Amino acid sequence: MATPVRVRFAPSPTGYLHIGGLRTALYGWLFARRFQGTFLLRIEDTDRTRYVEGAIENLYRSLVACGISPDEGVVVENGAIINRGDKGPYLQSERKEIHLHYAQEMIEKDVAYYCFCSAERLDEVRAQQQLLKQPVMYDRHCRHLTQDEAKKRVSDGETHVIRLKVPVEGSIKMQDLIRGGIEIAWSQVDDQVLIKSDGFPTYHLAATCDDHDMEISHVIRGDEWVSSLPKHLFIYQAMGWTAPEFAHLPLLLNADRSKLSKRQGDVAVDDYLNKGYLPEALINFVALLGWNPTADREVFTKEELATLFDITKVNKGGAVFNVEKLDWLNTQYIKALPVDDYLARLRQGGFMPEGIMHERAARMIQERLVKLSDAVEVIRETVECSDYPATMLVWKKSTQEEAVMRLQATRVYLAGKDESWFGNLGAMEEQTRAWIVEKGWGNGDTLWPMRVALSGREKSPGPFELLFVTGKDEGLVRLDAALQKMA
Ligand code: GLU
């Protein structure tokens, strides 16, 4: 590629980072990395009515948490929103004057015009079109005013917008890196508002001018913008600018193939991170929504994905968001974490209180954890010993005397072991079971009282898992307490 690759992620700060937004950002990031390019973050905040306080910080935090920080553009440093790079400002609302200037230039070039139609008039036109089952679009009432007349009304202070003067005949042929060739008839394209009556630009004007000014080489964005592409390309052409290349990403779908929505599950990246999905797993999962570099592998690091990424191989059809696959991937990633990293993440997520027993419980379940938050319940269950009645210690096919006898023997047996013996779950279980057989006892009458003594509960994890967690000292304390109850 001759020109430097510059890809932007351009979210509107209307709340949080959506899973679909994460995929758009990730594909942009992967594409930029693949060609040693730059990944920019631009904030499209010209629609002031939709602005949500804190949304920029949230978006940024989620991107950084997933390891796809922008190289250029809006960054948040020590809580402050700043511009990094020499093509800024990267907050669209701070470019209002630039946009207005371009719109006026378009008027001069006669590819845009002033429109004075009132909201009431536009409502009437719309109602009429709906009645006649015609496509709803502006009827171009003001397109025929002379420039002098229009300018006079503007200088007289009349409320107005600026509209794009798109061709009315023929069609436009466009290239999309994913979809290939697309042709749209101009008759389907509206005279888009470029500058609203409040002086703010619309998305269409702002995004196009900013992509030009920021020297964006590739626009990677959601499918919903395909129908706007003719207007954007028309602006490039009218202004004599070189257009970037475009790639429109297919929709994300629920399992029933409806559009991915909050009603069927979480859609905010934060929700997944807060539940203890590892950012690496989430990124791996999201990368494979609509693309897979090989048929025989599912687990990839971000860096591997970047070397393999090929935007032209992204599927054209919608990609189903399959939570089971995310769960599977997350288990793989948790399992593969070095144990200290794993424990640190549990702590950071607030999923594990401090303490040696909590830590041992956490280690025990690392292999089978689906998400970090699941640890909370299992750790609690294995660590806590509730108060219980003495009768619970007696196995259903046994007697109190037998329970006392077995517990006493178990206590002596365990007291004779080293602390380190309790740290090997497999050997501990094997040897203890052999010891029970040797004694000629049953598993039920021996292991039941032992397990209840260690957990205080009718139902709990197994006795060896509990011993692994309590270790020698606490294990013996609990057995003593049980014997005390039956004394
Ligand atoms: N601000 C637009 C959005 O949030 C960006 C579209 C684009 O990337 O051009 O969907």
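Let's hear about the overall build of the chain: which residues, and what values?
When helices and strands are tallied, the chain shows 18 helices and 13 strands. Taken over 487 residues, the chain has a buried fraction of 50%. Of all intrachain contacts in the chain linking residues separated by at least 6 positions in sequence, the fraction that spans at least 24 positions is 72%.

Got a sec to walk through the packing of aromatic side chains? Specific residues and values, please.
A complete count under the given rule lists 14 aromatic pairs for this structure. Taking the centre distance of 5.1 Å and the plane angle of 80° together, the rings of Tyr102 and Trp241 count as edge-to-face. Here Trp241 lies in the loop between helix H7 (229-239) and strand E11 (245-249) and Tyr102 lies in helix H3 (residues 96-108), a separation of 139 residues in the sequence. Summarising the burial analysis for this pair, Tyr102 and Trp241 share the class buried. Aromatic pair Trp291 and Phe309: ring centres 5.0 Å apart, planes at 75°, arrangement edge-to-face. Placement of Trp291 in the loop between helix H9 (279-287) and helix H10 (302-308) and of Phe309 in the loop between H10 and strand E13 (319-320) is noted, with a sequence separation of 18 residues between them. A single burial state applies to Trp291 and to Phe309, both of which are buried. Grouping aromatic residues by their ring pairs yields a cluster made of Tyr413, Trp421, Phe422, Trp435 and Trp441. The ring of Phe200 carries Lys96 above its face, with NZ or CZ at 4.7 Å from the centroid.

For the site of the ligand, give the residues involved together with the corresponding values.
Taken together, the neighbourhood of the ligand is formed by Arg8, Ala10, Pro11, Ser12, Glu44, Tyr203, Arg221 and Trp225. At a separation of 2.6 Å, a nitrogen atom of the ligand approaches a polar side-chain atom of Glu44. Between the ligand and Arg221, the relevant distance is 3.3 Å, taken from an oxygen atom to a side-chain nitrogen or oxygen of the residue. Within the complex, the protein chains bury 82% of what would otherwise be the 300 Å² of accessible surface of the ligand. Considering only residue class, the shell around the ligand consists of four nonpolar, one polar and three charged.

Describe the side chain of His204, and please don't skip the residues or the numbers.
Here His204 shows up in helix H6 (residues 203-213). By relative accessible area, His204 is classed as buried at 10%. Reaching out from His204, the side chain makes a polar contact with the side chain of His232 at a distance of 2.9 Å. Ignoring anything within four residues of it in the chain, the contact list for His204 reads Gln192, Trp225, Ser228, Lys231, His232 and Ile235.

Explain the packing of H6 against H7 residue by residue, including any values.
Following both chains from N to C, one finds H6 and H7 inclined at 50°, their axes separated by 10 Å at the closest point. Put simply, H6 runs oblique to H7. Considering how the two elements wind past one another, H6 and H7 form a crossing that is right-handed. Judged by residue contacts, Tyr203, His204, Thr208, Asp211 and His212 of H6 engage Lys231, His232, Ile235 and Tyr236 from H7. Within the contact of H6 with H7, the residues separate by chemical class into three nonpolar, four polar and two charged.

Quick one: what's the story with the pattern of salt bridges, residue by residue and with numbers?
Scanning the model with the defined rule gives 40 salt bridges in all. We note a salt bridge from Asp387 to Lys485, for which the minimum N-O separation is 2.9 Å. Linking Asp387 in the loop between helix H14 (375-383) and helix H15 (400-415) with Lys485 in helix H18 (residues 463-486), this pair joins segments that are 98 residues apart in sequence. Taking the relative accessible area as the measure of exposure, Lys485 reaches 31% and is therefore partly exposed. A single network of salt bridges, built from pairs that share partners, joins Arg8, Arg42, Glu44, Arg95, Asp210, Asp211 and Asp213.

Let's hear about the pairing of strand E10 (residues 218-222): which residues, and what values?
Of all five residues that make up E10, five are buried, and the element is covered over most of its length. Summarising the sheet, E10 and E11 pair through five bridges and their orientation is parallel. Bridge pairing in E11 places His218 opposite Glu245. In the classification by handedness, the crossover that spans E10, the intervening H7 and the parallel E11 is right-handed.

Account for the nonpolar core, naming residues and giving values.
With 148 residues, the main nonpolar core has Ile19, Leu22, Ile68, Met106, Leu282, Ile311 and Tyr342 as its most contacted residues. The leading source of residues in this core is H18, at 10 residues. Among all residues touching Met106, those that are not within four sequence positions of it are Val111, Ala112, Leu164, Leu194, Leu205, Cys209, Ile235 and Met239.

Any chance you could break down the environment of Ile182 for me, citing the residues and the numbers?
By the element assignment, Ile182 lies in strand E8 (residues 180-185). Setting aside residues no more than four positions away along its own chain, Ile182 makes contact with Ile172, Lys173, Met174, Asp176 and Val226.

Account for the sheet that holds strand E6 (residues 161-164), naming residues and giving values.
Each strand in a sheet pairs with another by means of backbone hydrogen bonds, the pair being arranged parallel or else antiparallel. The strand order across the open sheet formed by three strands is E5-E6-E9, and the pairing between neighbours is antiparallel. The sheet is open, and its two borders are formed by strand E5 (112-115) and strand E9 (193-195), each paired with just one other strand. Within this sheet the neighbouring strands show an average axis-to-axis angle of 40°, counted without direction.

Give a description of the pairing of strand E2 (residues 38-41) that names residues and reports values.
The two faces of a sheet get side chains in turn, since along a regular strand they alternate between them. When strand E1 (residues 6-9) meets E2, the two strands line up parallel, connected through four bridges. Along E2, the bridge assignment pairs Arg6 with Thr38. Handedness of the β-α-β unit built from E1, helix H1 (residues 19-34) and E2 comes out right-handed. Relative to strand E3 (residues 72-77), E2 is paired through two bridges, and the arrangement is parallel. Bridging across to E3, Leu40 finds its partner in Glu72.

Can you break down the packing of H9 against helix H11 (residues 323-336) residue by residue, with the values?
Relative orientation of the contacting elements H9 and H11 amounts to 140°, with a least axis distance of 9 Å. Put simply, H9 runs oblique to H11. Pair H9 / H11 crosses with right-handed handedness. Here Glu280, Ala281, Leu282, Asn284 and Phe285 of H9 come into contact with H11, specifically with Lys325, Leu326, Leu329, Asn330 and Tyr333. Along the lines of polarity and charge, the residues of the contact of H9 with H11 split into six nonpolar, two polar and two charged.

So, how was this worked out
Numbers given for residues are sequential positions, taken from 1 along each chain in its written order. Given that the model is predicted, a residue must reach a pLDDT of at least 70 before its local features are reported, and side-chain atom pairs must reach 80 or more before they are shown or counted; all residues, however, enter totals for whole chains, interfaces and linings. Water and hydrogen atoms were dropped before computing side-chain values, which therefore reflect all heavy atoms in the structure. A helix here means a DSSP run of H or I that spans at least four residues, while a strand means a run of E at least two residues long, and both kinds are numbered starting from the N terminus. Partly exposed describes any residue whose relative accessible area lies between the buried limit of under 20% and the exposed limit of over 50%, with all areas from a 1.4 Å probe on protein chains only and scaled to the type maximum. Residues are treated as being in contact if the distance between any of their heavy atoms lies within 4.5 Å. Aromatic rings from Phe, Tyr and Trp, taking only the six-membered ring of Trp, are treated as a pair when their centres fall within 6.5 Å; an angle between ring planes under 30 degrees marks them as stacked, one over 60 as edge-to-face, and anything in between as tilted. By definition, being over a ring means that NZ of Lys or CZ of Arg is both within 6 Å of the ring centre and within 35 degrees of the ring normal. Note on terminology: near, applied to a residue and a molecule or strand, indicates that one of the residue's heavy atoms is within 4 Å of it. For this analysis, a polar contact is any N or O atom pair within 3.5 Å, provided that within protein one partner can donate a hydrogen and the other can accept it, and provided that sequence-adjacent residues contribute only side-chain to side-chain pairs. Calculation of accessible area relied on Shrake-Rupley with a 1.4 Å probe; when residues are assessed, cover is drawn exclusively from the protein chains displayed. For this classification, Asp, Glu, Lys and Arg are treated as charged, while Ala, Val, Leu, Ile, Met, Phe, Trp, Tyr, Cys and Pro are nonpolar and the rest, including Gly, are polar. Geometry is summarised by axes, namely lines fitted to C-alpha atoms with helices restricted to the contacting stretch, and by angles between N-to-C directions that run from 0 to 180 degrees. Angular relationships are summarised with four words: roughly parallel below 35 degrees, roughly antiparallel beyond 145, roughly perpendicular across 65 to 115, and oblique for the angles in between. The crossing is said to be left-handed when, going from far helix to near helix, the turn is anticlockwise and less than a right angle, and right-handed when the turn is clockwise. Basic side-chain nitrogens of Lys or Arg form a salt bridge, by our definition, when they fall within 4 Å of a carboxyl oxygen of Asp or Glu. Pairing between two strands requires that DSSP report at least two bridges joining them. If you view a crossover with the strands going away from you and the path from the first strand over the helix to the second runs clockwise, you call it right-handed. By nonpolar core is meant a set of buried Ala, Val, Leu, Ile, Met, Phe, Trp, Tyr and Cys residues that side-chain atoms within 4.5 Å join together.

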